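Topology and contacts: notes
As a plain string of letters, each chain reads:
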Amino acid sequence: MKWVLMVPSCNVRRGRGWTRWPLGSFPTLRSFSSRYFRWWYRKTRLEKKQPFIDLFNSQPLRQIYGCPLGGFGGGTITRGWKGDFCRWQLNPGLYHYKRVVADQFTVCLRRKGQTAYQQVLSVEQPSCLQGWNWSFCGHYAFYHALYPRAWSVYQLPGQDLVLTCRQVTPIIPHDYKETSLPVGVFVWEVENLRDEEVEVSIMFTFQNGTETKEDRRGGHWNEPFALREGGHCVRGVLLHHCLPVNGYTLAIAAREKVGATFACIRLLFPISSTSWAMVNEARGLSAGQLPVPLPPPCALTSCPSLPPSLRLSCRWYTRFFGREGDACPALAHYMLTHYPEWEKRIEAWQRPILEDSDLPAWYKSALFNELYFLSDGGTLWVEFQPEDAPSLAAGQGLSGLLPVLKEYGRFAYLEGQEYRMYNTYDVHFYASFALAMLWPKLELSLQYDMAVAVLSEDPRPRVYLMNGQTAQVKLRNVVPHDIGEPDEEPWQRVNAYLIHDTADWKDLNLKFVLQVYRDFFLTEDCTYLRDMWPVCQAVMESELKFDTDGDGLIENSGFADQTYDAWVVTGASAYCGGLWLAAVCMMCRMAEILGEGAALQRYSAILSSGAAAFERLLWNGRYYNYDSGGGPSSNSIMSDQLAGQWFLRACGLGEGKYQVFPQEHVQSALRTIYEMNVLGFSEGAMGAVNGMRPDGVPDTSSVQSDEVWVGVVYSLAATMIQEVRSKPGVRVCLLGGFLQTPSIICSAPTP
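This report concerns the structure included in the present document. Residue numbers restart at each chain and count upward from 1, following the sequence in its written direction. Under the rules for a predicted model, residues below a pLDDT of 70 receive no local features and side-chain atom pairs below 80 are neither given nor counted, while totals for whole chains, interfaces and linings still include all residues. Neither water nor hydrogens contribute to the side-chain values; these are computed over all heavy atoms in the structure.

1. Quick notes on the sheet that holds strand β3 (residues 76-79)
Formally: A pair of strands is labelled paired if DSSP reports no fewer than 2 bridges between them. Numbered from the N terminus, helices here are DSSP runs of H or I no shorter than four residues, and strands are runs of E no shorter than two.
The antiparallel open sheet is built from four strands, whose spatial order is β2-β3-β4-β5. Both edges of this open sheet fall to β2 (68-69) and β5 (94-96), since each of them pairs with a single strand only. The pairing of strand β4 (residues 85-91) with β5 spans two bridges and is antiparallel. Paired with N91 across the bridge in β5 is L94.

2. Some points on helix α13 (residues 574-594)
Selection criterion: A helix is expected to span 1.5 Å for every residue after the first. Here the term buried applies to any residue with accessible area under 20% of the maximum for its type, exposed to any over 50%, and partly exposed to those in between, with areas from a 1.4 Å probe on protein chains only.
Given a rise of 1.5 Å per residue, 21 residues ought to cover 30 Å, and the 30 Å separating the end C-alpha atoms of α13 matches this to within 8%. In terms of burial, α13 is largely enclosed, as 17 of its 21 residues are buried. With its phi angle positive at about 70°, G595 sits one or two positions after the end of α13.

3. Quick word on the pairing of strand β21 (residues 470-474)
In this structure, strand β20 (residues 458-463) lies alongside β21, joined through four bridges in antiparallel fashion. The partner of P461 across the bridge, within β21, is Q472. Hairpin connection of β20 to β21: six residues between the antiparallel strands, including G468 at a positive phi of 75°.

4. Quick look at the packing of aromatic side chains
Heads up, the rule is: Only rings of Phe, Tyr and Trp enter the pairing, Trp through its six-membered ring, and a pair is recorded when the two centres are within 6.5 Å. The plane angle decides the type: under 30 degrees is stacked, over 60 is edge-to-face, the rest tilted. Charge-over-ring placement is defined geometrically: NZ (Lys) or CZ (Arg) within 6 Å of the ring centre, and within 35 degrees of the ring normal.
The final tally for this structure, using the stated rule, is 57 aromatic pairs. Taking the centre distance of 5.6 Å and the plane angle of 65° together, the rings of Y497 and W505 count as edge-to-face. One exposure class covers both Y497 and W505, and it is buried. Here the aromatic residues F72, Y176, W316, F320, Y372, F373, W381, Y408, F411, Y413 and W439 are joined through ring pairs into a cluster of three or more. Directly above the ring of Y65 sits R87, whose terminal nitrogen or CZ lies 4.2 Å from the centroid.

5. Things to note about helix α15 (residues 643-650)
Applied cut-off: By definition in these notes, contact holds between two residues if any of their heavy atoms fall within 4.5 Å.
Burial analysis of α15 places seven of its eight residues in the buried class, which makes it a mostly covered element. Looking only at α15, the buried set comprises A643, G644, Q645, W646, F647, L648 and R649. Those residues of α15 hidden inside the fold are in contact with α8 (425-431), α9 (433-438), α11 (508-523), α13, α16 (663-678) and α17 (710-723). Phi for G652, located one or two positions after α15, is positive at around 75°.

6. Quick look at the packing of helix α4 (residues 328-354) against helix α5 (residues 361-369)
Defined as follows: To define axes, lines are fitted to C-alpha atoms, for helices over the stretch in contact only, and angles between the resulting N-to-C directions are given on a 0 to 180 degree scale. To sort the angles, those under 35 degrees are grouped as roughly parallel, those over 145 as roughly antiparallel, those from 65 to 115 as roughly perpendicular, and the leftovers as oblique. For any helix crossing, the convention is left-handed if the near helix is rotated counterclockwise from the far helix by under a right angle, and right-handed if that rotation is clockwise. Residue classes follow a fixed rule: Ala, Val, Leu, Ile, Met, Phe, Trp, Tyr, Cys and Pro count as nonpolar, while Asp, Glu, Lys and Arg count as charged, and any other residue, Gly among them, counts as polar.
Taken N-terminus to C-terminus, the directions of α4 and α5 make an angle of 155°; their axes are 10 Å apart at the nearest point. Taken together, the axis directions place α4 and α5 in an arrangement best described as roughly antiparallel. Both α4 and α5 take part in a crossing whose hand is right-handed. On α5, the residues that touch W349, Q350, I353 and L354 of α4 are K364, L367 and F368. Here the contact of α4 with α5 is built from residues that sort into five nonpolar, one polar and one charged.

7. Focus: the pairing of strand β10 (residues 161-168)
Burial analysis of β10 places eight of its eight residues in the buried class, which makes it a mostly covered element. Because side chains alternate across β10, one face comprises the buried residues L161, L163, C165 and Q167, and the other comprises V162, T164, R166 and V168, equally buried. Both strand β9 (residues 149-156) and β10 contribute to a ladder of eight bridges, which runs antiparallel. Its bridge partner lying in β10, A150 is registered against Q167. Taking the residues that link successive antiparallel strands as the turn, the β9-β10 hairpin has four residues, and the phi of G158 there is positive, at about 75°. Taken together, the eight bridges between β10 and strand β11 (residues 183-192) define a ladder with antiparallel strand orientation. If you follow R166 over to β11, its bridge partner there is V187.

8. Re the packing of α16 against α17
Closest axis-to-axis distance for the α16/α17 pair is 11 Å, and the angle between their directions is 135°. When the axes of α16 and α17 are compared, the pair comes out oblique. By crossing handedness, the relation of α16 to α17 is classed as left-handed. Of α17, the residues touching α16 (which contributes Q663, V666, Q667, L670, I673 and Y674) are L716, T719, M720 and E723.

9. Digging into the nonpolar core
Stated formally: Working definition of a nonpolar core: buried Ala, Val, Leu, Ile, Met, Phe, Trp, Tyr and Cys residues. They are joined through side-chain atoms within 4.5 Å.
One finds F512 and W580 to be the most contacted residues of the largest nonpolar core, which totals 168 residues. Considering each element in turn, this core owes the most residues, 15 residues, to α13. With residues near it in sequence (within four places) discarded, F512 still touches Y425, Q447, M450, A451, V479, M532, V535, C536 and V539. Of all hydrophobic cores here, the second largest spans 31 residues; its members include V107, V190, V200 and I202.

10. Describing unusual backbone geometry
A negative phi angle is the norm for most residues apart from glycine, just as the trans form is the norm for most peptide bonds. Here the residue pair Y147 and P148 is connected by a cis peptide bond, since its omega of 10° sits within 30 degrees of zero. Among the structural elements, P148 can be located in the loop between β8 (141-146) and β9. The residue H174 is not glycine, and still its phi comes out positive at about 70°. Looking at the secondary structure, you find H174 in the loop between β10 and α2 (176-179).

Following this line, the structure appears as structure tokens:
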């Protein structure tokens, strides 16, 4: 099989290298491991729940996945680039990694009444179903992905016939209804290169089951359905997946079409109960040759349920298709009559970027393909329930809270498929631009929920795994690490993460302020800004206690007290210090907009003294030191040292009246990062390593300093693009290995 464009991987957006510790960390590792094992045993064996990080059952990295099917919050099914269905996420946050062998497309060609060719369109040779004709030659198959679409092209050897399968999910910017639908469409095109007629049949087989232990219990059942509305008839089969808890129904359907024959293939194995419609339509592209009889459209749709703790919640799409669990036929009909419009709208959205000759191919691919995680990230998108209102008591002063939640629901996605925490805020910081720019109302909903969490507290005590100390789950007026995990009650029980007490982290509060102003900058929503202003003031007051010497610059506390949660930082630091100054600058800008004169004067004074301290303590003539603590990493080159400048630039700040970091220092730091962290690491082929020593050796003082984090590399690339706006002196290079993450060499500043 030949890859043509980058396909999404299953990688998380940041890594926690808990399996690789420096020798000097063994005492800490022993204590942590002991506490972790006891917690893990209680969680998995006694409570019968999945831990938010399972160090004993990690998923191996397999580059087999492709573009997932399914909208935001309705569950996803991933079809791999080899053509198999290999990852299932039909209940939010719960993944099943298993290839179901029977789920296949098979083609049959008949010429002059005789079968001339029959083949399963899979390059695999499984050990079961030996009677099927497997092992399609990969040399004649091609896969392309540009989320939310994908194309599989099959050149049938010796048949002079080309099949193209288009896969479409209605992920459409600013269209919240279509983007929420749990559906996926397969559209087949057939090109006949001979001057004789050929009869083409495409069969889709789909097993009622995902090869889990629940399948062996039996009880699953199938039934046919037909729905005729608006002059269109859709026929299909409902696959009822019956479970003791969280059953769901899948639907496979096709639209009746003149000249095409449709027959339901139902495998009587245990299957699922979600409303998924796979649309499979073939079009003749004979280019002047004789016409090709074609199969009808076929669709897959899903109506999944929620985990037990959320059993009373309704997925957001149910406001359009009902809450009775019988929406599959209606969803299938809607999809099979609307997908041509979806394709046009997706093409219109993507075309300006794809046709821009100034943009490199990796950039176009990354912009779209990295969006897959918004649907495939264990995503929750649920209706706001009246019974949820008491839990929002802390946000009574937020005038836009209830209107936004009632209109757009509540949205959450996991940090990663193996880091099962919703809306992990320190990394949402890096990923949030996708929501803020394409589905801004979901970003505002997420932020309102986070603001309520800031103003709330959870006084329950618990032991933190890294240091063994006991502290309460959540303090008031600090930003939580996350809003919960799938096996608990997201939004109600926040801070699933318990490795560190994140009330003492230095970056979370700052990232809230930065994102609040960024969201206002993009949406111009004044109600939102007025609502968030007192919350921003509260978190900044909490943050000020970390300025222990009163110089206007916060200090880190000698442990891993920020998103790099295994990398110790002491004193003033480039990362947290830079975020602090950017946040103070944005507080000044918000105070200016809102007419808060006293606050503007106060924060302006803090910014002036803090910026001077930052330059004095951290600038070494080439870049900003990692920290001022005199430790083994203190003069390391951190790839993320300009995160604050990145956000300032993204919000129209960072220069002129709102310049925080000297431009020549920013340019010099970027050149150093490029030369050392990028080119000096794996010959520039793996992206920017988090930490590099001045002598060109990766920083191995922690398990994370010598890692490459995808989100960080993208933000670094964005910073470089922001800082170098003209063509001269700019050279684009490819980073990030198979991700081909971008970066830019900055020229020396011109006089």
